[in-house]
Amino acid sequence: MARIIVVTSGKGGVGKTTTSAAIAMGLAKKGHKTAVIDFDVGLRNLDLILGCERRVVYDFVNVINDEATLNQALIRDKRCKQLYILPASQTRYKDALTKEGVGKILEELSKTFKYIVCDSPAGIERGANLAMYFADDAFVITNPEIASVRDSDRMLGILSSKSKRAENGDEPINEYLLLSRYDPKRVKLGEMLSVEDVQDILSLHLLGVIPESQSVLNASNSGTPVILDEDSNAGQAYADIVARYLGEDKPHRFIDEDKKGLFGRLFRSK
Amino acid sequence: MPTDSQPTPSNSPAFEFKSGVVTIPSLNLFSTDITAITHQLNEKIKQAPEFFTNSSLLIDLQALANQELDIALLVDAIRNAGMFPIGIRGGTKEQQQAANALMLPALSALGGNNARKPLTIASKETKLAKTENPEKQQETSVETTIVTQPIRSGQRVYAEGDLAVIAQVSAGSEIMAEGNIHVYGTLRGRALAGVQGNENARIFCSDLQAELISIAGNYRVSEDIIESDRNAPVQIYLSKQALIIQKI
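Figured I'd write up the structure that's included with this text. This is a predicted model, so every value here is computed, not measured. (Residues numbered from 1 in each chain as written. Chains lettered and ligands numbered in written order. Predicted model: local features only at pLDDT ≥ 70, side-chain atom pairs only at ≥ 80, totals over all residues. Heavy atoms only, no water.)

1. Overview of the pattern of salt bridges
Heads up, the rule is: When a carboxyl oxygen of Asp or Glu lies within 4 Å of a side-chain nitrogen of Lys or Arg, that pair is called a salt bridge. Helix and strand definitions here come from DSSP, where helices need a minimum of 4 consecutive H or I residues and strands a minimum of 2 consecutive E residues; each element is numbered from the N-terminal end. Per-residue accessibility, obtained with a 1.4 Å probe over protein chains only, is compared with the maximum for each type, and a residue is labelled buried under 20%, exposed over 50%, and partly exposed between these values.
Counted according to the given criterion, the structure contains 20 salt bridges over all chains. One salt bridge in this structure joins A:D40 and A:K94, with 3.0 Å as the shortest N-O distance. Placement of the pair is A:D40 in the loop between β2 (34-38) and α2 (46-49) and A:K94 in the loop between β4 (83-86) and α5 (99-112), with a sequence separation of 54 residues. Since its relative accessible area comes to 14%, A:D40 is described here as buried. A:D200 is the partner of B:R188 in a salt bridge, and the nearest nitrogen-oxygen pair spans 2.9 Å. Taken together, the residues B:R188 in the loop between β9 (181-187) and β10 (190-193) and A:D200 in helix α10 (residues 195-202) connect one chain to another. Overall, B:R188 belongs to the buried group, its relative accessible area being 7%.

Shown next, in the form of structure tokens:
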């Protein structure tokens, strides 16, 4: 059985698609057969971030409507053979998604894949609800600002009450916090919420902090998931996150402003 | 409680069906002796005639374990005592038919576990509330709803008795209780205690950062909570219609 991961946030523009692409690529690079599905029907972006936009023939909605088979719609990544992408339809609306259709596709994918990453659209409407409904694990992406934190909190409430697991009374979805676009300098100046502030409000297990980085934008524009940019701090942050998710013990990085080397890191002020 | 009825004068519908919960006294019978029942009933009514006269009454036969009892005689006795029987609960098929013949409905008998609903949640979305030891609580008159998971933004929890939250209550959420509210965590949302008018209800929390606090309809919004009371463990109670916030 595959593990279904939903990448969600409530608020838009916090980095759901960037994270979905990076996490899926990271899992695939670790040797796990991974599928990543774009649930943002009508506002398709994942294919761009993964650099496969020119190879899209069929999409998610085609498969739901039985106009194409799953194998026809899945796009295999050229850089990592273990990664497959199921793009969203750009010409439809989110009403095209049905619970039965999504369930059927996830079930079929579960037979052959190890991980299925669902890239949720923003908001708490149909697309977002269906993206999280079947999930086993949830990656909740939050920016260190109050509106994003509140939207994530709302999403957590929905995860704990409207998912399939909640409806069936099964074990609840594992919820993980990913804090993205974090800038320790601005935290120090009081312009941004700190990791502690966010954790205090959300009381959630922190899976990782992704620093604000130019490399994310560069990666998006070039269609390369940022995790492949191993020199960038954002790429390293995502690699850590994947490792932690898979059970490795990695200390948190990028939380404090430090370029002091090992000595400075050992005697961190906080 | 919120309702969706918004009658307009011109084209309003003549009626609407609604389900609701009404508290009515029920006559839980332990004996089939009509004379004894009549006697005890009259004694009771004498003590508080204003309360009992013209009051509706549910006849509960569940404790009788299907013993024979003439429903018609019983109903006559109750009516003569000045009360209006409105239905029966439990009893044998014959007794239920006899009640129906007197135009009294037979209400569904409640099972042991459901006899007291431990909790009502205002929103369908909120399924997280878990009650612990519901069996034990049935014996006491005050029920406590215990929530062990964080109450997230947008969620609402309603407790018929007391409410104890052993987690945080997020901003943008709403917790309501007919009794007291205890929050063993940070209270950032809205907390309304004594929502059915119980002025003795109190709110206890270990860190007050609430958007709004209310007891029996007397409320205060965040802006009106003085700074020194914030971020501290407090109790909130009503004294002469004034909300008192006291550090504990």
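Once you've had a look at it, read on.
2. A word on the packing of aromatic side chains
Aromatic rings in a pair are described by how distant their centres are and how their planes are angled relative to each other. Residue and element names in this part refer to chain A. Here is the rule we go by: Two rings from Phe, Tyr or Trp (for Trp, the six-membered ring) form a pair when their centres sit within 6.5 Å of each other. Planes less than 30 degrees apart are called stacked, planes more than 60 degrees apart edge-to-face, and all others tilted. Distance and angle both matter: a charge sits over a ring if NZ of Lys or CZ of Arg is within 6 Å of the ring centre and within 35 degrees of the ring normal.
Summed over all chains, the structure comprises seven aromatic pairs over all chains. Ring centres of Y176 and Y245 lie 5.9 Å apart, and the angle between their planes is 85 degrees; this geometry places the pair in the edge-to-face category. Of this pair, Y176 sits in strand β7 (residues 174-182) while Y245 is found in helix α12 (residues 233-245), placing the two residues 69 residues apart along the sequence. Among the aromatic residues, those joined into a ring-pair cluster are Y115, F139, Y176 and Y245. Directly above the aromatic system of F113 lies the positively charged group of K33, at a separation of 4.7 Å from the ring centroid. Its guanidinium or amino end placed over the ring of Y133, K99 lies 4.1 Å from that ring's centre, counting from NZ or CZ.

3. Considerations on the side chain of B:R230
Residue and element names in this part refer to chain B. Just so we agree on the cut-off: Residues adjacent in sequence count toward polar contacts only when both atoms are side-chain atoms; beyond that, a polar contact is any pair of N or O atoms within 3.5 Å, and within protein one must be able to donate a hydrogen and the other to accept it. In this analysis, two residues are considered to be in contact whenever any of their non-hydrogen atoms come within 4.5 Å of each other.
Considering the arrangement of structural elements, one finds R230 in the loop between β13 (218-221) and β14 (234-239). Within polar-contact distance, the side chain of R230 engages the side chain of S222 at 2.3 Å. With sequence-adjacent residues up to four places away left out, R230 is seen in contact with L208, Q209, A210, S222 and I225.

4. As for unusual backbone geometry
What is expected of a backbone is that most residues other than glycine have negative phi and most peptide bonds are trans. Of note in the backbone geometry, A:D66 takes a positive phi value of approximately 60 degrees without being a glycine. By the secondary structure assignment, A:D66 is in the loop between α3 (60-64) and α4 (70-73). You can call A:D66 exposed: its relative accessible area is 60%. Phi at B:N54 is positive, roughly 60 degrees, even though this residue is not glycine. The exposure class of B:N54 is exposed, given its relative accessible area of 53%.

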